[in-house]
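Close look at the chain arrangement
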Amino acid sequence: MADLGIAPNNDGTVIRLTVPQLTGETRKEMAKKVGKMAEEVKVRIRNIRRDANDVVKKDDTMDEDVQKDAKEEIQKLTDKYIKKIDDMADAKEAEVMKV
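Take the pattern of salt bridges next. In this structure the tally under the stated criterion is seven salt bridges. Between Asp11 and Arg16 there is a salt bridge, and its shortest N-O distance comes to 3.8 Å. The residue Glu39 makes a salt bridge to Arg46 at a minimum N-O spacing of 3.5 Å. For Arg46, a relative accessible area of 31% puts it in the partly exposed group. Each member of the salt-bridge network shares a partner with another, and the members are Glu39, Lys42, Arg46 and Asp86.

One broad rule of soluble globular proteins: the nonpolar side chains tend to lie buried together. Ranked by size, the top nonpolar core spans six residues in total: Val34, Ala38, Ile45, Ile82, Ile85 and Ala89. Counting residues per element, the ones that place at least two in this core are helix 1 (24-58) and helix 2 (64-97). For Ile45, the contacting residues outside a window of four places in its chain are Thr78, Tyr81, Ile82 and Ile85.

Rules of the game
- Residues numbered from 1 in each chain as written.
- Predicted model: local features only at pLDDT ≥ 70, side-chain atom pairs only at ≥ 80, totals over all residues.
- Heavy atoms only, no water.
- Salt bridge = Lys/Arg side-chain N within 4 Å of Asp/Glu carboxyl O.
- Buried < 20%, exposed > 50% of the residue type's maximum accessible area, 1.4 Å probe, protein only.
- Core = buried A, V, L, I, M, F, W, Y, C linked by side-chain atoms within 4.5 Å.
- Helix = DSSP H or I, 4+ residues; strand = E, 2+ residues; numbered from the N terminus.
- Contact = heavy atoms within 4.5 Å.

Set out below in structure tokens:
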């Protein structure tokens, strides 16, 4: 399902996976997949931020200052984890591209 180009071979007792040699093109493709996966995770984080902000906005027990502080804290957490995802994606892309 991952479309990695790995074909399983079964000789009756052992299943062998033939892993193709990484070429420059394959490395670039894998780096693009890493970037795409990172972007998907960032979108999920932003959706969680939106949902959390909606909960804060609808909470009538909080006054405006508390709501503002809560939204700022939510934004700080969002920024923290988006940066963490970016750092991880950059590190993985560098690792994939290293020969």
